[in-house]
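Coordinate analysis (summary)
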Amino acid sequence: MRVTVSVLKADVGGFVGHSNMHPRLVEIARESLDAAKIDGKIIDYYVAYCGDDLNLIVTHTKGEDSPEIHKLAWDVFLRCTEAAKKLKLYGAGQDLLSDAFSGNLKGMGPGYAEMELEERKSEPIIIFMADKTSPGAWNLPLYKIFADPFNTPGLVIDPSMHDGFVFEVMDVVDNKVALLSTPEESYDLLVLIGASSRYMVRSVYRKSDGAIAAKASVQRLNFMAGRYVGKDDPVLVVRCQSGFPAVGEVLEAFAFPHLVEGWMRGSHNGPLMPVAFEDATPARFDGPPRVIAAGFQLSDGQLIGPVDLFRDRSFDYTRVKALEITDYMRRHGPFEPHRLHLEEMEYTTLPDVLKKLGSRFKDAED
Ligand code: F6R
Ligand code: MG
Ligand code: MG
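First, a word on what this report is: a plain description of the structure on this page. (Residues numbered from 1 in each chain as written. Chains lettered and ligands numbered in written order. Predicted model: local features only at pLDDT ≥ 70, side-chain atom pairs only at ≥ 80, totals over all residues. Heavy atoms only, no water.)

1. Looking at the coordination of the magnesium ion (ligand 2)
As a benchmark, a tetrahedral metal site with four donors has ideal angles of 109.5 degrees, while an octahedral site with six donors has ideal angles of 90 or 180 degrees. Donor atoms from the polypeptide that coordinate the magnesium ion (ligand 2) comprise Asp11 (OD), His18 (ND1) and Asp52 (OD), at 2.0 to 2.2 Å from the metal. Ordering the donors of the magnesium ion (ligand 2) by residue number gives the pattern D-x6-H-x33-D. Between the two metals, the magnesium ion (ligand 2) and the magnesium ion (ligand 3), the spacing is 4.6 Å, and aspartate 52 donates to both. Placement of histidine 18 in the loop between β1 (2–10) and α1 (23–38) and of aspartate 52 in the loop between β2 (44–50) and β3 (53–60) is noted, with a sequence separation of 34 residues between them. A residue is classified by how much of its surface remains accessible, and aspartate 52, at 2% relative accessible area, is buried. (Donors = N, O, S within 2.8 Å, 3.2 Å for Na, K, Ca; no water. Helix = DSSP H or I, 4+ residues; strand = E, 2+ residues; numbered from the N terminus. Buried < 20%, exposed > 50% of the residue type's maximum accessible area, 1.4 Å probe, protein only.)

Written out as structure tokens, the structure reads:
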């Protein structure tokens, strides 16, 4: 059976500030998707949230970029925004950039990752959802999962993965995509995706048969609005087992809390901390950046789950490490590399400061 898993997300208002989700918004999203399920528009749904981001996980048979599914999500986000405005939640409707829906969520503000797949005899998938970071945060774990045998021994010892994987990389500045094949083009791939604010992995395919293995959201709110209006708190869908990396190989890539862009005012580097659903509540310095992992078994499109995969004790050490790094990075205060490069910052006063100081800058002697 061909099924599409759509994960559609937006920040429609924070509680309190940018830290958490008000239960009323979750309730409204559930009610709306429940109605769509009863109507037969979708097969199943699950409403998740990470920090101030609402994530609608929907299964259906309408394929990727379906106007009907995108409109459904848009309407849910609008309904939640209305409630957020009534409660005066913070930044109500902040990710909805337009008033009129035009057939597709592209360029409208919400982010999404969609995967159409032929459901296998057993189809385990993991949906990762993050807050206080951007889609470039997936580059390092995706490389580890699908191209690094020190993370994924299956690449070496499982014949069905031994040919490697193909990465689709998007240049979000020039809006172009390229396919790179691993292991043979690993070094070319790394030179691109190491620059994770510009080159982002959008999809991963198994080389032997072209089967889809992972899909990430790569919308960049800042560029879409023509100015920097926010990090995009990305989502990622990964297929697991039987010819794809095992659940544990996929999770292993998050055992290292690598530095990602985002955090306070979308202008700082900080560690990506894997947490249980109930701990996806950024607090210290609006962070540190969080990621949750929802595991499901698909069964004729039904979402059997979720299992809260980062809740497990085996990630305790990663969390402690992330908190140590949080402390260490914070001590840099307003200095790089805690603070981002000038061109990546969401907030800056530099033009005003330069204007004010203009005449005080004299030519420096050679
Ligand atoms: C980061 C984020 C927050 C805000 C910060 C200031 O992605 O959402 O760190 O940038 O709380 O928010 P404003 O400018 O809305 O007061
Ligand atoms: Mg927010
Ligand atoms: Mg957010």
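More follows now that the structure is in view.
2. What to know about the pattern of salt bridges
Note on pairing: side chains with opposite charge can pair once their charged atoms come close. Inspection of every chain in the model, using the stated rule, returns 22 salt bridges. Aspartate 44 is the partner of lysine 37 in a salt bridge, and the nearest nitrogen-oxygen pair spans 3.1 Å. Lysine 37 sits in the partly exposed class, given a relative accessible area of 32%. Judged by its relative accessible area of 7%, aspartate 44 is buried. Close ionic contact of arginine 206 with aspartate 209 constitutes a salt bridge, the shortest N to O distance being 2.9 Å. Among the residues examined, arginine 206 registers a relative accessible area of 12% and is labelled buried. Residue aspartate 209 is classed as partly exposed on the basis of its relative accessible area, which comes to 48%. (Salt bridge = Lys/Arg side-chain N within 4 Å of Asp/Glu carboxyl O.)

3. Some remarks on the site of ligand 1
Within the structure, ligand 1 sits among His18, Tyr90, Lys132, Trp263, Met264, Arg265, Gly266, Asp286 and Tyr347. The separation between an oxygen atom of ligand 1 and a polar side-chain atom of tyrosine 90 is 2.8 Å. Here aspartate 286 contributes a side-chain N or O atom positioned 2.6 Å from an oxygen atom of ligand 1. Calculation on ligand 1 without its partners gives an accessible area of 410 Å², and the protein chains cover 76% of this total. Of the residues contributing to the shell around ligand 1, the split by class is four nonpolar, two polar and three charged. (Near = heavy atom within 4 Å. Polar contact = N/O pair within 3.5 Å; in protein donor to acceptor, adjacent residues only side chain to side chain. Areas by Shrake-Rupley, 256 points an atom, 1.4 Å probe, with all protein chains shown as cover. Nonpolar A, V, L, I, M, F, W, Y, C, P; charged D, E, K, R; others polar.)

4. Thoughts on the coordination of the magnesium ion (ligand 3)
Looking at the metal site, the magnesium ion (ligand 3) is ligated by Asp52 (OD), Asp53 (OD), Asp131 (OD) and Asp233 (OD), spaced 2.0 to 2.2 Å from it. All donor residues of the magnesium ion (ligand 3) come from one chain, and their arrangement in sequence is D-D-x77-D-x101-D. For aspartate 131, a relative accessible area of 0% corresponds to the buried category. Relative accessible area serves as the criterion here: at 8%, aspartate 233 is assigned to the buried category.

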